[in-house]
Amino acid sequence: MRKQIGPKLSRLRLAQVQATVDAFAVLTVRPAPPRGWLKLIRETLGLTERQQAMRLGISAPTLHKCEQSEADERISLKQLRKLADGLGCELVYALVPRTPLAEVVEKRAYSIAVQEVEGVAHSMTLEGQRPTADHIRKQVASRADELLSGRWSDLWR
């Protein structure tokens, strides 16, 4: 059985990961070159396919296929890392969330809280005891806070 991470550690981990991925966010603004980074860097350095292939110890047709695979987004990270190294480059790999991670978790908790509270409010309405909108809003906020202070893995069941 895996040890569960408590809410404080979850929030700390979230902040640390968010800070790390934020550093990469500026990179997501620019798309990769249409013919790929490998070819762009190689050509910028003035290397022909044949010259670069010799430096890597592979054939020119193999290098051509690798560059095409990168441009088509079919290359493996292992292969791309090796080819980048051959150009004196580092491969930078990251997943950059489109939405801040804290916001994703909070929205999920809020969504669950709304479902739960609205379900109870609906039952109470059928009994002629519908709570006020303000009461429902407070209950949703309270339940969302409860969910966020519990195991976050429960948010995704």
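Figured I'd write up the structure that's included with this text. Here the structure is a predicted model, which means the values were calculated and not measured.

Calculation criteria
Residues numbered from 1 in each chain as written. Predicted model: local features only at pLDDT ≥ 70, side-chain atom pairs only at ≥ 80, totals over all residues. Heavy atoms only, no water. Helix = DSSP H or I, 4+ residues; strand = E, 2+ residues; numbered from the N terminus. Rg over C-alpha atoms; globule rule 2.2 N^0.38 Å. Buried < 20%, exposed > 50% of the residue type's maximum accessible area, 1.4 Å probe, protein only. Contact = heavy atoms within 4.5 Å. Areas by Shrake-Rupley, 256 points an atom, 1.4 Å probe, with all protein chains shown as cover. Lys, Arg positive; Asp, Glu negative; His and termini not counted. Charge placed at Lys NZ, Arg CZ, Asp CG, Glu CD. Salt bridge = Lys/Arg side-chain N within 4 Å of Asp/Glu carboxyl O. Expected span 1.5 Å × (residues − 1). Arc of directions from axis to C-beta. Core = buried A, V, L, I, M, F, W, Y, C linked by side-chain atoms within 4.5 Å.

Describing the overall build of the protein chain
A count of helical and extended segments in the protein chain gives seven helices and zero strands. Sequence-ordered secondary structure for the protein chain, helices as α and strands as β, is α-α-α-α-α-α-α. Over its C-alpha trace the protein chain gives a radius of gyration of 25 Å, far above what one expects of a compact globule, namely 15 Å for 157 residues. Summarising its shape, the C-alpha atoms of the protein chain cover approximately 80 × 30 × 30 Å along the three principal directions. Relative to its 157 residues, the protein chain shows a buried fraction of 24%. Long-range contacts, defined as pairs at least 24 residues apart, comprise 63% of the intrachain contacts of the protein chain with a sequence gap of at least 6. With an accessible surface of roughly 11600 Å², the protein chain has 57% of that area assigned to carbon and sulfur atoms. For the protein chain, the separation between the mean place of its 25 positive charges and that of its 18 negative charges on side chains is 6 Å.

What about the side chain of Lys39?
Relative to the helices and strands, Lys39 resides in helix α2 (residues 37–44). Among buried Asp, Glu, Lys and Arg side chains, Lys39 stands out as unpaired, with Glu43 the closest opposite charge at 4.3 Å. Residues contacting Lys39, with those up to four places away along its chain left out, are Glu67 and Glu70.

A short note on helix α7 (residues 133–149)
Taking 1.5 Å per residue as the helical rise, α7 with its 17 residues ought to reach 24 Å, and the 24 Å between its terminal C-alpha atoms agrees with that figure. When α7 is considered as a whole, its buried residues turn out to be Ile136, Val140, Ala144, Leu147 and Leu148. In an axial view of α7, the angular spread of the buried residues amounts to 105 degrees, which keeps them on one side of the axis. With respect to the buried face of α7, the exposed residues turned more than 90 degrees away are Lys138 and Asp145.

With respect to the pattern of salt bridges
One pass over the structure, following the stated rule, counts eleven salt bridges. For Glu49, the salt bridge goes to Arg42, with nearest N and O atoms at 4.0 Å. Glu146 is the salt-bridge partner of Arg143, the closest N and O atoms lying 3.0 Å from each other. Of the two residues, Arg143 and Glu146 are both situated in helix α7; the distance of three residues between them amounts to about one turn of the helix. Overall, Arg143 belongs to the partly exposed group, its relative accessible area being 25%. By relative accessible area, Glu146 is classed as partly exposed at 45%.

As for the nonpolar core
Formed by 14 residues in total, the largest nonpolar core has its most connected members in Val105, Leu147, Trp152 and Leu155. Among the secondary structure elements, those contributing two or more residues to this core are α6 (101–126) and α7. The element that contributes the greatest number of residues to this core is α6, accounting for six residues. Formed by ten residues, the second largest nonpolar core is a distinct cluster that contains Leu38, Leu56, Leu63 and Ile75.

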